[in-house]
Amino acid sequence: MEEPFKLPEVHSEFRINKLHFNNEELAAVAYSFIKEGEPYEGSVGNFLLDWLNDKDYVEAMTSGSTGPPKKIRLKKSQMINSAVATGKYFELPANTTALLCLPCEYIAGKMMLVRAMVLGWQLDIIPPKANPLDQLFKIYDFCAMTPFQLDNSLSRLHLVKKLIVGGGTVSSNLKKLVQGLGTEVYETYGMTETITHIAARLINPKKEKESPIPFRTLPHINLTTDERDCLIIDAPSISDEPVVTNDVVELLSQKKFIWKGRIDNVINSGGIKLYPEEIEAKLEKIIAQRFFVSSLPDDALGEKVVLMVECEFSEEALENLEKEIRDLRQLEKYEVPKKIYFVEKFEETPSGKVHRANTLRSRVGSE
C-alpha cells in the first residue's frame, strides 16, 4: 500500500527575498502576503498555503494543449520530482540565485516557488510585468519568462545567466536577437499536465548547430507518437498516465523531437497537410505586425490558406505585402496565402494570446 504523502521541510538554503523560513514560518508569510501584499504577492501567498496544507495535491488550470482548459490535480510528490529534474537538467544546485517574475496563478510561477523550496534556491519575487529586469542590478543564475517578457528585456539580459522561455513559441526574429548574448536562452516545451517543461532547447548556442534545433527531454521522460503524429509523453515521475498531446512532431528518438504545430490548426489544402506555425515562421521575416495563418473552406482545395495581419487596411500596404510574399523564396507555392485580411485589433484569450478562431470569424463574417 502506498505511503501517505508527507510534505518535506523546505531546504535549509531556501530564501525568499533574502530571508529563510521553515514550513511553519512560511505559512505566516503567506498570510501576510494575502492580507497586506500587492495582488501578485497575494497569488504567491495563496499558492504557498495550498502547498503547505494537508492535501497531497495542488489544483491548477490546464492551458489547452491536450484539450479544452480544465481544472486538474497535480500531486505534490510529482511537482517535487519535476523540480529535481529541472535542477539536474540545467545544473542549478542549492544557493542558485533565481528570479520569479511570472504570475503565480499559473503553473510556471508556482513551479519556480517549488524549485526554490525543494532545491534550496535564493529566490527574489518581483511584480510580473512586461519588462521585469528594468529596475534590477543584481545578477541571477536562473529566471523564467514569457517570449513577450524576453522581447522587452533584451538590453538587460546580461543580468541573467540561464533563462528559460515558455508559454508561447519564440519567434524567429526573437531567436535572432538573442544570438551572441552571454545569457544561455532555452526555449521550453511543456504544459500544466506535465508540470511545466518536459523538454528544452538552447536557441543561442555558441557554435552553429543543426537547424532546426530539436527539443531534448529532461531526465526520466520517454516520447512516442500516435497515429496523428502527435506527441505522447511517458513520464511516470510526473504523471500517473501517459500524456497525449495535440502537438504534431517529428520524432527523432525517444528523447528528441522537432515541433511542427498544433493538430487543431492543420490545414488540408488540395490533399497537402500544411502547418500554419511552419508557414508563420517563414513569414516572420517580412511581417513586423502581429499576424497568423489560418484557413477557410474552398470548393476546389477543400481548405485554402489565408493570412490575418493586425493593422489598418490600405491598398498600398496590401500590394506591398503581396509582392513581398511572392518574392519570399522559402515559401512553397501551396503555402502562399490565397487571401490576406487586415484586422485593426485581434481578439485575445484571457491570458493575452491571439484568439485565432474568434478573430477569423469576426473579420470574415463581417464581409
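Everything below is about the structure shown above.
What comes next concerns the included structure. Computed from a prediction, not measured in an experiment: that's the story for all the values here.

With that out of the way, let us pick up the overall build of the protein. Regarding its fold elements, the protein presents nine helices and 19 strands. Based on the C-alpha atoms only, the size of the protein along its principal axes is roughly 65 × 50 × 45 Å. For the protein, the proportion of its 367 residues judged to be buried stands at 47%. If you take every contact in the protein between residues at least 6 apart in sequence, the share linking residues at least 24 apart comes to 51%. Total accessible area computed for the protein in this model is approximately 18900 Å², and 50% of it derives from carbon and sulfur atoms. Taking the 46 positively charged and 54 negatively charged side chains of the protein as two groups, their mean positions are separated by 4 Å.

On to the nonpolar core, then. Among the nonpolar cores identified, the biggest contains 61 residues, and Leu26, Trp51, Met79, Leu113, Met117, Tyr189 and Ile233 are the most heavily contacted of them. The element contributing the most residues to this core is helix H4 (residues 107–119), with eight residues. Apart from residues no more than four positions distant in its own chain, Leu26 is found in contact with Val10, Phe14, Ile16, Phe21, Leu48, Leu52 and Met117. Membership of the second largest hydrophobic core comes to 19 residues, among which are Leu99, Ile126, Leu133 and Leu150.

Here we take up helix H1 (residues 23–36). Here H1 is 14 residues long and its end C-alpha atoms lie 20 Å apart, about the 20 Å a rise of 1.5 Å per residue gives. In this structure, the buried side of H1 is in contact with strand E1 (15–16), helix H2 (39–52) and H4. N-cap assignment for H1: the residue whose side-chain oxygen lies 3.1 Å from the backbone N of Glu24 is Asn22.

Right, let's get into the packing of aromatic side chains. Taken as a whole and judged by the stated rule, the model has ten aromatic pairs. With 6.1 Å between their ring centres and 35° between their planes, Phe47 and Trp51 make a pair best called tilted. Of the two residues, Phe47 and Trp51 both sit in helix H2, four residues apart, roughly one turn of that helix. Assigned by exposure class, Phe47 and Trp51 land together as buried. The rings of Tyr89, Phe90, Trp121, Phe142 and Tyr186 are connected pair by pair, giving a single aromatic cluster. Of note, Arg156 hangs over the ring of Phe137, and the distance from its end group to the ring centre comes to 5.1 Å.

Overall, the coordinates contain 18 salt bridges when judged by the stated rule. Its salt-bridge partner being Asp124, residue Lys138 comes within 3.0 Å of it at the nearest N-O pair. Of the two residues, Lys138 sits in the loop between strand E5 (122–125) and strand E6 (140–145) while Asp124 sits in strand E5, which places them 14 residues apart along the sequence. Judged by its relative accessible area of 30%, Lys138 falls in the partly exposed class. Across the salt bridge formed by Arg290 and Glu310, the nearest N and O atoms sit 2.9 Å from each other. Placement of Arg290 in the loop between helix H7 (276–283) and strand E17 (291–298) and of Glu310 in strand E18 (residues 302–310) is noted, with a sequence separation of 20 residues between them. Among the ionic contacts, a cluster of salt bridges with common partners joins Arg290, Glu310, Lys345 and Glu348.

Reading guide: rules and limits
Residues numbered from 1 in each chain as written. Predicted model: local features only at pLDDT ≥ 70, side-chain atom pairs only at ≥ 80, totals over all residues. Heavy atoms only, no water. Helix = DSSP H or I, 4+ residues; strand = E, 2+ residues; numbered from the N terminus. Buried < 20%, exposed > 50% of the residue type's maximum accessible area, 1.4 Å probe, protein only. Contact = heavy atoms within 4.5 Å. Areas by Shrake-Rupley, 256 points an atom, 1.4 Å probe, with all protein chains shown as cover. Lys, Arg positive; Asp, Glu negative; His and termini not counted. Charge placed at Lys NZ, Arg CZ, Asp CG, Glu CD. Core = buried A, V, L, I, M, F, W, Y, C linked by side-chain atoms within 4.5 Å. Expected span 1.5 Å × (residues − 1). Polar contact = N/O pair within 3.5 Å; in protein donor to acceptor, adjacent residues only side chain to side chain. Phe/Tyr/Trp six-rings, centres within 6.5 Å; stacked < 30°, edge-to-face > 60°. Lys NZ or Arg CZ within 6 Å of the ring centre and 35° of its normal. Salt bridge = Lys/Arg side-chain N within 4 Å of Asp/Glu carboxyl O.

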